[in-house]
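This is what each chain is made of:
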Amino acid sequence: MAAPILSAALYGTRAGRAFGTAAALCKRAAPLGPMPNEDIDVSNLETLEKYRCFSRYFRVAEKESKKTPWWQTYRKHVTPEQDEEAKIDIGLPYYKPSRAKQLKERKEILKQNRQSMEMERASRLKTLVIPLDEVKAEWEKTNGPLHKQRVAEHYGIYRDMFNEATFVPRVVLRIEYNLDDEHVMPVYHGNFVTPTEASSSPEVIYEADEGSLWTLLLTNLDGHLRDADSEYIHWLVTNIPGNNLDSGTEICHYFPPFPAKGTGYHRFVFLLFKQDRPIDFTEDVRPTPCHSLKMRTFKTFDFYKKHQNDMTPAGLAFFQCQWDDSVTHIFHNYLNMKEPVFEFVRPPVYHPPQKKFPHLQPLRYLDRYRDSHEPTYGIY
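Chemist: Mind showing me how you'd approach the packing of aromatic side chains here?
Modeler: The geometry of an aromatic ring pair is captured by the separation of the ring centres together with the interplanar angle, meaning the angle of the planes. The final tally for this structure, using the stated rule, is 22 aromatic pairs. For the ring pair Trp-235 and Tyr-254, a centre distance of 5.5 Å and an interplane angle of 90° mean the geometry is edge-to-face. Remark: Tyr-254 occurs in the loop between β7 (249-252) and β8 (266-275) and Trp-235 occurs in strand β6 (residues 231-241); sequence separation between them is 19 residues. Of the two residues examined, Trp-235 and Tyr-254, each falls in the buried class. The interplanar angle of 85° and the centroid separation of 5.7 Å between the aromatic rings of Phe-258 and Phe-331 together place this pair among those described as edge-to-face.

This is how it looks when you write it as structure tokens:
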């Protein structure tokens, strides 16, 4: 029976078509679009554009790399991040000074420094003192706002407050918590402040024109106990004339930080808005005293969206805060509730599958696979 079947498989049946194993060769088709560097004339490279410096070449190359090619790339398989240029800028308008003017001023300063006999002598004798206050003031006027924006993006401030919209904090915001008569705890951009140090309202300093109106907000981005997308508002003062905070309208009184135990560091953000006109914040008023977490539930994005036509974010400062003993007092005496405590549940220790013949393994190798929960000893 095997012979006829084998014969039919090799030679085919009389009525059917012969069985074959020939392979069809595919014809190479032309590309569906232009290939990279297709327009470059290799025979005449001298006519190509000269970039003259690496930074100029790098800018052009980075711009070309962001263009979407017609061929398939790995980018569609990766979660696309929002383009930096596509982010909405909701900050104050800024007019960048002329680069030529800046270079001219810098050259004048360098020329004056070289002609200064006193500075040359102090430098030679190693007694030259650099005025750090003047350096900081110059930094805050030039590159400081951009550096602060970069730090805030690193900590996810804009992502969690304004849904990826961004702004450059042009107004310098100085926050200081008074610890005693001689010491203060400043708030910069991500430094650590304990709940004990932030138990009372801070001193807020910023430069403002006469007749301008401002709004100051303090919110906790990571402290909500029920909704991860919501916040707790800790302080809100509106319609502040100039930089006189005491003359503003306190919509929500100051409440000290209360990061729950076991939840790590919380981001507390001071946000300064510049108002175009007096605004009615009747819908945002909280009672005094306000010791209800439900009434302190807040969303900065919704608050700004409601008043975005009349105010603009201008200043930013934030600190990180972790649980300490004063938080227990806040939960028991102010919030009148049991203090929540979160613990980290560690996953079980991973052990590879047991070997039947554990060659070159430690003496207590089998203790890893014991059924009892007694502690074992040894370094594995």
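Chemist: Could you clarify how one ought to interpret helix α6 (residues 144-154) in this entry?
Modeler: Since the α-helix turns once every 3.6 residues, residues separated by three or four places project in the same direction. Of the residues making up α6, those classed as buried are Gly-144, Pro-145, Lys-148, Gln-149 and Ala-152. Looking straight down α6, one finds that the buried residues subtend no more than 135° of arc, so they occupy a single side. Of the residues in α6, the exposed ones pointing more than 90 degrees away from the buried face are Arg-150 and His-154. Gly-156, located one to two residues past α6, shows a positive phi value of around 75°.

Chemist: What exactly am I supposed to notice about the pattern of salt bridges here?
Modeler: When their charged atoms lie close together, side chains carrying opposite charge are able to pair. By the definition in use, this model includes nine salt bridges. Put simply, Arg-277 and Asp-310 hold a salt bridge, and the shortest N to O gap is 2.9 Å. On the criterion of sequence distance, the pair formed by Arg-277 in the loop between β8 and β9 (297-298) and Asp-310 in the loop between α8 (300-307) and β10 (311-321) is long-range, its members being 33 residues apart. Overall, Arg-277 belongs to the partly exposed group, its relative accessible area being 43%. Close ionic contact of Asp-284 with Lys-306 constitutes a salt bridge, the shortest N to O distance being 3.0 Å. Separated by 22 residues along the polypeptide, Asp-284 in the loop between β8 and β9 and Lys-306 in helix α8 bring together distant segments of the chain. Salt bridges here are not isolated pairs; linked through shared partners, they connect Arg-159, Asp-160, Asp-222 and Arg-267.

Chemist: I would appreciate a short explanation of unusual backbone geometry in the present structure.
Modeler: A negative phi angle is the norm for most residues apart from glycine, just as the trans form is the norm for most peptide bonds. Thr-288 connects to Pro-289 through a cis peptide bond whose omega is 0°. Residue position: Pro-289 is located in the loop between β8 and β9. Residues other than glycine seldom take positive phi values, yet Asn-336 does so here, at roughly 55°. Examined against the element boundaries, Asn-336 turns out to sit in the segment after α9 (325-334).

Chemist: Can you walk me through the side chain of Glu-140 in this structure?
Modeler: Summarising the element assignment, Glu-140 is placed in helix α5 (residues 132-141). Under the relative-accessibility criterion, Glu-140 is labelled buried at 10%. Ignoring anything within four residues of it in the chain, the contact list for Glu-140 reads Pro-145, Lys-148, Val-172 and Arg-174.

Chemist: Looking at this structure, how should I read the pairing of β10?
Modeler: Remark: a regular strand shows side chains that alternate across the two faces of the sheet. Most of β10 sits inside the fold, with eleven of its eleven residues counted as buried. Relative to β10, strand β3 (residues 189-192) runs parallel, the two sharing three bridges. Looking at β10, one finds that Asn-191 is bridged to Phe-319.

Chemist: How should the layout of surface pockets be read in this particular structure?
Modeler: In this approach, a probe sized like a water molecule rolls over the atoms, and the result shows the empty space that is left. Quantified by volume, the largest pocket comes out at close to 760 Å³. Mapped onto the lining of the largest pocket, the elements with two or more residues apiece are α3 (99-115) and α5. A per-element tally of the lining of the largest pocket places α3 first, with eight residues. In terms of residue class, the lining of the largest pocket is made up of five nonpolar, four polar and eight charged.

Chemist: What's the story with a nonpolar patch on the surface in this structure? I'm lost.
Modeler: On the surface, Leu-32, Met-35, Trp-70 and Trp-71 cluster together into a nonpolar patch covering about 460 Å² of accessible area. By relative accessible area, Trp-70 is classed as partly exposed at 37%.

Chemist: For this particular structure, what's the right way to read the confidence of the model for the chain?
Modeler: When pLDDT drops low, the exact placement of atoms in the prediction is not to be read closely. Per-residue confidence for the chain gives a mean pLDDT of 86, with 87% of residues at or over 70. Confidence drops under a pLDDT of 50 for residues 4-23, and excluding neighbours within four residues, the segment shows six contacts in the predicted structure.

Chemist: Explain the side chain of Thr-166 here, please?
Modeler: Position of Thr-166 among the secondary structure elements: in the loop between α7 (157-162) and β1 (174-178). The exposure class of Thr-166 is buried, given its relative accessible area of 7%. One polar contact links Thr-166 to Gln-149, side chain to side chain, over a distance of 2.9 Å. Beyond its immediate chain neighbours, meaning those up to four positions away, Thr-166 contacts Lys-87, Ile-88, Asp-89, Ile-90, Gly-91, Gln-149, Glu-153 and Tyr-158.

Chemist: Can you walk me through the environment of Pro-340 in this structure?
Modeler: Mapping Pro-340 onto the fold places it in the segment after α9. Taking the C-alpha atoms as reference, Pro-340 lies 7.0 Å from Lys-261; in sequence the two are 79 residues apart. In contact with Pro-340, not counting residues within four places along its chain, are Leu-225, Ala-260, Lys-261 and Phe-331.

Chemist: In this structure, what is going on with the sheet that holds strand β4 (residues 203-205)? I would like to understand it.
Modeler: The strands that make up a sheet pair up through hydrogen bonds in the backbone, lying either parallel or antiparallel. Ordered by their spatial adjacency, three strands build an open sheet running β2-β1-β4, and the pairing between neighbours is antiparallel. What marks the edges here is a single partner per strand, and that holds for β2 (184-187) and β4. In this sheet, adjacent strand axes meet at a mean angle of 25° when their direction is disregarded.

Definitions and cut-offs
Residues numbered from 1 in each chain as written. Predicted model: local features only at pLDDT ≥ 70, side-chain atom pairs only at ≥ 80, totals over all residues. Heavy atoms only, no water. Phe/Tyr/Trp six-rings, centres within 6.5 Å; stacked < 30°, edge-to-face > 60°. Helix = DSSP H or I, 4+ residues; strand = E, 2+ residues; numbered from the N terminus. Buried < 20%, exposed > 50% of the residue type's maximum accessible area, 1.4 Å probe, protein only. Arc of directions from axis to C-beta. Salt bridge = Lys/Arg side-chain N within 4 Å of Asp/Glu carboxyl O. Contact = heavy atoms within 4.5 Å. Pairing = 2+ DSSP bridges. 1 Å grid on protein atoms, 1.4 Å probe; cavity = no way out; pocket = protein on both sides within 12 Å on 5 of 7 lines; lining within 4 Å. Points joined across faces, edges and corners; volume = space filled by probe spheres on them. Nonpolar A, V, L, I, M, F, W, Y, C, P; charged D, E, K, R; others polar. Patch = residues over 30% accessible without salt bridge, like charges linked within 9 Å, V, L, I, M, F, W, Y side chains within 5 Å. Areas by Shrake-Rupley, 256 points an atom, 1.4 Å probe, with all protein chains shown as cover. pLDDT = per-residue confidence, 0-100. Polar contact = N/O pair within 3.5 Å; in protein donor to acceptor, adjacent residues only side chain to side chain. Axes fitted to C-alpha atoms, helices over the stretch in contact; angles between N-to-C directions.

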